[in-house]
Amino acid sequence: MVTLSGFVPTFWDKDAAEKAAKRVYGVKAVANDISVKPLWQRTDPEIARDAIDELERHISIPSDKIKVTVRNGWVTLEGTVDYELQKKLAHSTVKKLKGGGRHHQ
């Protein structure tokens, strides 16, 4: 049995991956858990990686004190910072990310 997972930009790609897996010798079953995400739509891991990178680049933000969670495009920042300004900077830094247009604090 083979399980396919990950992201592809079209349903054609998902179908092609399934057909390719079925052609492999010894494969008797395929569970196709591949998600179709158009190229313009960003995945949660991509948004999370960019959020962490942006927070780490900003010298005034104590990124080691902030945890980032992304679920269905919603970005959540958790942690404790010393100053209100750091909280505002962290929020505004993440808010401008492409694909992470929805935020929680």
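Only a predicted model underlies this, so the values are computations on that prediction, with no experimental measurement involved.

A.B. asks: Please give an account of helix H2 (residues 44-57) that cites residues and values.
C.D. replies: Here H2 contains 14 residues, and its C-alpha end-to-end distance of 20 Å stays within 8% of the 20 Å for a straight helix at 1.5 Å per residue. Looking at the buried positions of H2, the neighbouring elements they touch are strand S3 (66-71), strand S4 (74-79) and helix H3 (84-95).

A.B. asks: Explain the pairing of strand S2 (residues 30-36) to me, using residue names and the numbers behind them.
C.D. replies: Direction of pairing for strand S1 (residues 2-8) relative to S2: parallel, over a ladder of 7 bridges. Its bridge partner being in S2, Gly6 is matched across the sheet by Ile34. Handedness of the β-α-β unit built from S1, helix H1 (residues 11-23) and S2 comes out right-handed.

A.B. asks: Now, about the side chain of Thr43: what can you tell me, with residues and values included?
C.D. replies: With respect to the element layout, Thr43 can be found in the loop between S2 and H2. Relative accessible area serves as the criterion here: at 9%, Thr43 is assigned to the buried category.

A.B. asks: Account for the nonpolar core, naming residues and giving values.
C.D. replies: Counting residues in hydrophobic clusters, the biggest one holds 14 residues, and the most contacted among them are Leu55, Val68, Val75, Leu77 and Val94. The set of elements that each furnish at least two residues to this core consists of H2, S3, S4 and H3. The element best represented in this core is H2, accounting for 4 residues. Setting aside chain neighbours within four positions, we find Val68 in contact with Ala48, Ala51, Ile52, Leu55, Val75, Thr76 and Leu77.

A.B. asks: Lay out the packing of H2 against H3 with the relevant residues and their values.
C.D. replies: The description of two packed helices rests on the angle between their axes and on the distance between the axes. Put simply, H2 and H3 touch, their axes get as near as 9 Å, and they point 135° apart. Classified by the angle between their axes, H2 and H3 sit oblique to one another. By crossing handedness, the relation of H2 to H3 is classed as right-handed. On the side of H2, the interface is formed by Ala51, Glu54 and Leu55, while H3 contributes Ala90, Thr93 and Val94.

A.B. asks: Quick rundown of the pattern of salt bridges? Include the residues and the values.
C.D. replies: In a structure, side chains of opposite charge can pair up when their charged atoms sit close to one another. One pass over the full model with this rule turns up 5 salt bridges. Note that Asp15 and Lys19 form a salt bridge whose closest N and O atoms lie 3.0 Å from each other. One end of the pair, Asp15, and the other, Lys19, are both in helix H1, 4 residues apart, so they sit about a helical turn from each other. Judged by relative accessible area, Lys19 falls into the partly exposed class, the value being 45%.

Conventions adopted
- Residues numbered from 1 in each chain as written.
- Predicted model: local features only at pLDDT ≥ 70, side-chain atom pairs only at ≥ 80, totals over all residues.
- Heavy atoms only, no water.
- Helix = DSSP H or I, 4+ residues; strand = E, 2+ residues; numbered from the N terminus.
- Expected span 1.5 Å × (residues − 1).
- Contact = heavy atoms within 4.5 Å.
- Pairing = 2+ DSSP bridges.
- Right-handed = clockwise from strand over helix to strand, strands pointing away.
- Buried < 20%, exposed > 50% of the residue type's maximum accessible area, 1.4 Å probe, protein only.
- Core = buried A, V, L, I, M, F, W, Y, C linked by side-chain atoms within 4.5 Å.
- Axes fitted to C-alpha atoms, helices over the stretch in contact; angles between N-to-C directions.
- Parallel < 35°, antiparallel > 145°, perpendicular 65-115°, else oblique.
- Left-handed = near helix turned anticlockwise from the far one by under 90°.
- Salt bridge = Lys/Arg side-chain N within 4 Å of Asp/Glu carboxyl O.

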